[in-house]
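Here's the letter readout for the chains.
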Amino acid sequence: MSERVGSQSAPRTPPIWGKRIPGRNKHFTGRENLLEELRASLESSTQTAVVPLPQALQGLGGVGKTQLAIEYAWRYRGHYDLVWWVPADQPMLVPSTLAALTNDLKLPSASSTGIEEAAAAVRDALQRGDPIDRWLLIFDNADEPEEIRDFIPQGGPGHVIITSRNNRWSGVAETVSVDVFSQEESVAFLRKRLQRELAQSEAQLLAHELGDLPLALEQAAALQAMTGMSTEEYIELLREQTRALLGMNKSTEYPHSMTAAWQLSVMEIESRLPAAAEVLRCLAFFGPDPIPREVFRRGNKSGARRMGPILSDPLTLNQAFAELNRFALVKIEMEAGTVQVHRLVQALLRDSLKPEERDQIRHEVHQLLATGSPSNPEDTQFWDSYAVLMPHVRPSGVISCTDENVQRFGIDVIRYLSQTANYTSARSFGEEFLKSWTESGDPTSRNVLIMRRHLGTVLWQTGAYDESYAMNEETLDLMRTHLEPHDEETLRQSLIYAANLRAQGNFHEAHNQDKQALEAHKAKFGEYAPPTMRVINNLALDQALLTRYDDALELQQLAFLEQNSASEGVSKVELQLSWNGLARVARLAGDHARAVDLGEEAYAHGIRELQVEHALTLATARELSIARRRNGDIEGALELITETHGRLTKLYGADHPETMAATVALSNTLRQAGESQEAMRLARDVLPRYERRFGPDHPFTYGCAINLALLYRLRGDAQRAREMDEDARKGLLAKISPDHAYSFSSAINLGDDLAALGDYEGALALDKENLAQIQAFYGDENLLSLAAAINLSLDLRALGKVTQAEELYQGTLAEYERVLPPGHPERLFAAQGERFNWDFDPFSL
């Protein structure tokens with residue numbers, strides 16, 4: 001069943017051969033029975049073949065699971081048209097690795113569909129065998145089945161191999177147990193690796209001393225090959241080192257002979273090139289994931305004392321990596337620019353050091369990470385660089401470091417996670433950093449206060465508004481006490497505090513806070529500086545929430561123009577916020593067609609620069625769907641908001657504010673599409689979510705109640721609608737003011753309820769008063785004014801005041817024709833002589 005290397009011409013390389021597939025191990029030996037068993041298992045079953053670590057080894061690594069998978073891929077590559085390697089020890093990265101196959105499988109790219117959706121499309125295409133039915137996926141070093149199960153093709157014509165130390169995979173797939181080498185395999189491996197004749201007895205003795213563990217044998221053979229040491233000499237040294245370890249009574253989870261083997265390799269490296277040994281010890285304090293070598297290239301200014309001379313000498317540094325690679329102590333991937341150390345080797349190296357040495361080296365790793373990270377985590381071009389550093393933050397112990405420069409790196413980590421909308425991780429890391437720094441140092445230090453600011457922002461981003469408000473209010477007070485007047489951090493904190501006020505529904509207070517911030521920013525930075533434009537953008541949002549749309553449009557245009565033309569100081573995220581804000585306020589001001597055009601451009605920018613599943617891109621998609629709906633494109637609006645709602649639900653859950661806003665938009669669109677039953681279900685579902693998240697007296701909560709009341713009236717329950725609308729109107733008048741679009745619109749819907757109940761006198765009185773207030777606030781040509789005038793004309797007609805009604809109706813129609821183009825949905829609706837309703841869509845705050 002298996003092909004022996006050299007038994008025939010080399011198999012062809014598949015048309016699609018993953019770049020992550022490791023090079024073939026020229027020293028691979030034995031495992032023929034395992035390879036044949038694995039091949040037979042794959043060919044005879046549609047299930048996944050899994051290569052787990054036997055329970056008897058108690059989780060010890062180094063038995064060669066990955067090497068077996070590599071050899072299988074190379075040996076049987078001629079049987080496949082696609083072979084793809086998926087590092088699975090970081091489950092969050094599995095989707096992006098699979099999504100990279102979209103182009104080869106002729107699927108929409110991840111940039112247009114989102115990484116999760118693209119990965120699912122790849123999985124489904126492989127399951128179908130379309131367009132490729134001979135494929136092999138290898139998930140290397142997987143842990144819990146639940147973490148990656150959704151990304152594994154179930155059935156289908158291809159094959160999947162998983163390497164794992166977790167025996168729980170036996171309940172998911174058929175397993176092929178991988179143990180240490182047999183004695184025969186150990187002897188064969190040593191002879192092949194040493195490339196010389198080796199006495200059977202010597203080889204057997206060395207294999208026995210090392211427990212037949214493949215990784216340990218590789219280390220021993222590499223040392224002998226590099227030094228010319230005889231096996232007999234090596235065994236004697238190994239025994240001496242083992243006795244020393246036993247004499248130290250040092251606790252270790254590994255057999256002492258194996259620990260001694262690594263120490264011998266390190267000792268030899270130390271004697272040949274001390275710099276290489278120092279580099280190896282440094283590598284032991286990173287995480288087990290690939291380490292970007294650029295961290296070391298940038299590290300000459302890190303301040304690391306032990307590593308400093310090496311980092312300042314590129315030739316020595318390069319020689320050190322090469323020497324470690326020759327001794328099989330590290331794995332270097334030239335194309336990826338990374339170096340990796342087996343986790344077992346890392347543990348043994350750390351365990352061999354004195355506590356003070358561990359502390360010194362660990363801190364130098366902190367310094368390397370700090371200087372090796374890009375300076376601006378808000379710049380999208382550096383996000384990939386931060387992504388490869390993230391797996392090393394926790395394992396290296398950066399969180400507990402008290403060095404100010406390293407703490408600034410910790411702050412940048414939170415900024416990166418926040419900017420990429422990875423809010424859950426941002427909160428988790430932020431809370432860990434803040435707890436550690438507060439307990440070990442000054443709770444009012446600058447770095448602690450900055451971390452508090454970013455954590456408070458992340459809490460706000462996740463919708464934890466009460467927690468965010470409490471933290472940000474306290475942080476603002478602390479900054480005003482312990483930082484210089486008009487410190488940039490204090491000024492930025494004042495902006496997130498204003499956002500907290502918006503989340504509480506205190507729109508006027510938020511506006512006043514931002515007005516004060518604007519003056520302070522102008523004084524410190526200048527009138528048109530990027531920090532000042534952030535405040536202008538926020539003020540535009542405040543004005544929109546106060547429904548002063550003309551003022552909002554003027555401010556938003558200024559912010560967008562300045563930010564879009566800025567050569568520095570404006571991130572892609574800030575530009576996305578401004579662009580989406582401009583499209584939104586254009587819609588609110590009644591320019592629906594232009595809002596659609598702006599929204600389409602802003603959405604394309606979000607997909608291009610931030611990816612389709614970034615929170616801001618999805619917020620832009622929601623706003624675009626509303627603009628399409630207002631402009632009469634119900635089908636296009638429904639398609640976009642359905643897709644967006646699905647993505648938000650998957651990424652953040654039903655209770656996240658952005659998901660809730662998308663639920664409202666979807667319900668409104670379904671209602672206009674004639675799907676009132678599903679619209680009602682969603683409206684009923686989202687109202688209590690707003691009550692819990694924002695509070696029962698928030699304007700957005702009242703807006704959701706008005707949407708639900710509208711659906712009740714449309715299905716014939718006008719009395720219930722009236723009761724809900726009366727409560728909502730009363731709450732809005734108390735919370736915001738009578739001069740507000742929400743208050744005006746609630747009166748429009750309440751007038752509709754009264755008319756539906758036959759109370760035309762009540763409707764007339766309310767509609768007449770409401771129209772006068774709207775016209776006083778907005779003027780006669782505003783679309784809300786025109787809608788209220790149409791409803792008033794219908795009240796008059798219902799009460800028999802035909803002449804007065806007709807005069808008002810025709811005059812209003814003439815205004816519609818003057819301010820709106822032919823074919824605009826509101827102009828067409830007005831011509832039908834039916835009552836206008838109002839529905840509510842919340843903002844991103």
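Residues numbered from 1 in each chain as written. Predicted model: local features only at pLDDT ≥ 70, side-chain atom pairs only at ≥ 80, totals over all residues. Heavy atoms only, no water.

So, on to the overall build of the chain. Regarding its fold elements, the chain presents 40 helices and nine strands. Referenced to the eigenvectors of the C-alpha coordinate spread, the extents of the chain come out at roughly 115 × 65 × 40 Å. Across the 845 residues of the chain, 57% fall into the buried class. The contacts in the chain between residues at least 6 apart in sequence include a share of 69% that link residues at least 24 apart. Accessible area for the chain stands at about 34,800 Å²; split by element, carbon and sulfur atoms hold 47% of it. Across the chain, the mean location of the 86 positive side-chain charges is 3 Å away from that of the 119 negative side-chain charges. (Helix = DSSP H or I, 4+ residues; strand = E, 2+ residues; numbered from the N terminus. Buried < 20%, exposed > 50% of the residue type's maximum accessible area, 1.4 Å probe, protein only. Contact = heavy atoms within 4.5 Å. Areas by Shrake-Rupley, 256 points an atom, 1.4 Å probe, with all protein chains shown as cover. Lys, Arg positive; Asp, Glu negative; His and termini not counted. Charge placed at Lys NZ, Arg CZ, Asp CG, Glu CD.)

The subject of this paragraph is helix α7 (residues 183–194). Here α7 contains twelve residues, and its C-alpha end-to-end distance of 16 Å stays within 8% of the 16 Å for a straight helix at 1.5 Å per residue. Buried within α7 we find Glu185, Ser186, Val187, Phe189, Leu190, Arg193 and Leu194. Of the residues flanking the end of α7, it is Gln195, one or two places downstream, whose phi is positive at about 55 degrees. (Expected span 1.5 Å × (residues − 1).)

Axis separation between helix α20 (residues 404–419) and helix α21 (residues 423–440) bottoms out at 8 Å; the angle between their running directions is 160 degrees. Between α20 and α21, the angle falls in the class roughly antiparallel. Our pair here, α20 against α21, has a crossing hand that is left-handed. Facing α20, whose interface residues are Gln407, Gly410, Ile411, Ile414, Leu417 and Ser418, α21 presents Tyr423, Ser425, Ala426, Phe429, Gly430, Phe433 and Trp437. (Axes fitted to C-alpha atoms, helices over the stretch in contact; angles between N-to-C directions. Parallel < 35°, antiparallel > 145°, perpendicular 65-115°, else oblique. Left-handed = near helix turned anticlockwise from the far one by under 90°.)

Quick look at the nonpolar core now. In this structure, Leu283 and Phe296 are the most contacted members of the largest nonpolar core, which totals 118 residues. With residues near it in sequence (within four places) discarded, Phe296 still touches Cys282, Leu283, Phe286, Ile291, Met307, Leu311, Leu317, Phe321, Val339 and Leu368. Among the nonpolar cores identified, the runner-up in size contains 82 residues, and Trp460, Ile626, Ile774 and Leu792 belong to it. (Core = buried A, V, L, I, M, F, W, Y, C linked by side-chain atoms within 4.5 Å.)

On to the pattern of salt bridges. As enumerated under the stated definition, the model contains 58 salt bridges in all. The partner of Arg722 in a salt bridge is Glu726, with the nearest N and O atoms 3.0 Å apart. One end of the pair is Arg722 and the other is Glu726, both in helix α35 (residues 718–735) and four residues apart, which spans about a single turn. For Arg722, a relative accessible area of 25% corresponds to the partly exposed category. On the accessibility criterion, Glu726 (34% relative accessible area) is partly exposed. (Salt bridge = Lys/Arg side-chain N within 4 Å of Asp/Glu carboxyl O.)

This brings us to the packing of aromatic side chains. Taken as a whole and judged by the stated rule, the model has 27 aromatic pairs. The interplanar angle of 75 degrees and the centroid separation of 5.4 Å between the aromatic rings of Phe296 and Phe321 together place this pair among those described as edge-to-face. Placement of the pair is Phe296 in helix α13 (residues 294–297) and Phe321 in helix α15 (residues 314–326), with a sequence separation of 25 residues. Here Phe321 falls in the buried class, since its relative accessible area comes to 2%. For the ring pair Tyr742 and Trp838, a centre distance of 6.2 Å and an interplane angle of 45 degrees mean the geometry is tilted. Note that Tyr742 is positioned in helix α36 (residues 741–756) and Trp838 in the segment after α40 (825–831), a separation of 96 residues in sequence. With respect to burial, Tyr742 and Trp838 carry one shared label: buried. Through a chain of ring-to-ring contacts, the aromatic side chains of Trp460, Tyr465, Phe507, Tyr690, Phe694, Phe700, Tyr742, Trp838 and Phe840 assemble into a single cluster. Above the plane of the ring of Phe525 lies Lys524, whose end atom (NZ or CZ) is 5.9 Å from the centre. Geometry around Phe843 places Arg584 over its ring, the cationic atom sitting 5.2 Å from the centre. (Phe/Tyr/Trp six-rings, centres within 6.5 Å; stacked < 30°, edge-to-face > 60°. Lys NZ or Arg CZ within 6 Å of the ring centre and 35° of its normal.)

With that settled, the discussion passes to the pairing of strand β4 (residues 135–142). Burial of β4 is extensive: eight of the eight residues sit out of reach of the surface. For strand β3 (residues 82–87) and β4, the ladder comprises six bridges, and the chain directions are parallel. Each residue of the ladder has a partner; that of Val86, found in β4, is Phe139. By the bridge criterion, five bridges tie β4 to strand β5 (residues 159–164) in an arrangement that is parallel. Considered in β5, the bridge of Phe139 is made with Ile162. (Pairing = 2+ DSSP bridges.)

Right, let's talk about unusual backbone geometry for a bit. With omega at 15 degrees, the peptide bond leading from Asp130 into Pro131 counts as cis. With respect to the helices and strands, Pro131 occurs in the loop between α5 (115–128) and β4. Positive phi, normally seen in glycine, also occurs at Ala421, with a value near 65 degrees. Tracing the chain through its elements places Ala421 in the loop between α20 and α21.

Okay, the packing of helix α22 (residues 446–461) against helix α23 (residues 465–482) next. Axis separation between α22 and α23 bottoms out at 8 Å; the angle between their running directions is 155 degrees. Classified by the interaxial angle, the pair formed by α22 and α23 is roughly antiparallel. Seen along the crossing, α22 lies across α23 with a hand that is left-handed. Touching Leu449, Ile450, Arg452, Arg453, Leu455, Gly456, Thr457, Leu459 and Trp460 of α22 are Tyr465, Glu467, Ser468, Met471, Asn472, Glu474, Thr475, Leu478, Met479 and His482, all from α23. Here the contact of α22 with α23 is built from residues that sort into nine nonpolar, six polar and four charged. (Nonpolar A, V, L, I, M, F, W, Y, C, P; charged D, E, K, R; others polar.)

Moving on, we get to the sheet that holds strand β8 (residues 331–333). Ordered in space as β7-β9-β8, the three strands form an open sheet in which the pairing is antiparallel. The strands lining the two open edges of the sheet, one partner per strand, are β7 (291–292) and β8. Summarising the sheet, β7 and strand β9 (residues 338–340) pair through two bridges and their orientation is antiparallel. Bridge pairing in β9 links Pro292 to Thr338.

Here we come to the environment of Val63. Following the sequence through the fold, Val63 ends up in the loop between β2 (49–52) and α2 (65–75). Overall, the relative accessible area of 0% leaves Val63 in the buried class. Separated by 371 residues in the primary sequence, Val63 and Leu434 place their C-alpha atoms 40 Å from one another.

What follows covers helix α9 (residues 214–227). Helix length check: α9, at 14 residues, gives a terminal C-alpha distance of 20 Å against a target of 20 Å (1.5 Å per residue), a fit within 8%. In terms of burial, α9 is a largely internal element, eleven of the 14 residues being buried. By the burial criterion, the buried members of α9 are Pro214, Leu215, Ala216, Leu217, Glu218, Gln219, Ala220, Ala221, Ala222, Leu223 and Gln224. Of the residues one or two after α9, Gly228 is the one with positive phi, at around 80 degrees.

Turning our attention to the environment of Ala621. Note on placement: Ala621 falls in helix α30 (residues 615–630). C-alpha separation for the pair Ala621 and Glu600, spaced 21 residues apart in sequence, amounts to 8.4 Å.

Right, let's get into the confidence of the model for the chain. Low-pLDDT portions of the prediction should not be read for the details of their coordinates. Of the residues in the chain, 94% have a pLDDT of 70 or more, and the chain-wide mean is 89. This model gives residues 1–8 a pLDDT under 50, and the stretch forms 17 contacts once residues within four places in sequence are excluded. Contacts for the low-pLDDT stretch residues 51–60, under 50 throughout, to residues beyond four places or in other chains number 35 contacts. (pLDDT = per-residue confidence, 0-100.)

Moving on to the state of the cysteines. All chains considered together, the criterion is met by zero disulfides. Residue Cys401 stays outside any disulfide, its sulfur separated by 14 Å from that of Cys282, the closest cysteine. (Disulfide = S-S within 2.5 Å.)

Relative to the helices and strands, Arg689 resides in helix α33 (residues 676–694). The contact partners of Arg689, leaving out residues within four places of it in the chain, are Ala654, Asp655 and Met660.

Moving on to the side chain of Arg835. You can see Arg835 is positioned in the segment after α40. You can call Arg835 buried: its relative accessible area is 18%. Here the side chain of Arg835 touches Asp752 through a polar contact of 2.5 Å, side chain to side chain. Within the local environment of Arg835, its side chain forms a polar contact with the side chain of Asp795, the two groups lying 2.7 Å apart. (Polar contact = N/O pair within 3.5 Å; in protein donor to acceptor, adjacent residues only side chain to side chain.)

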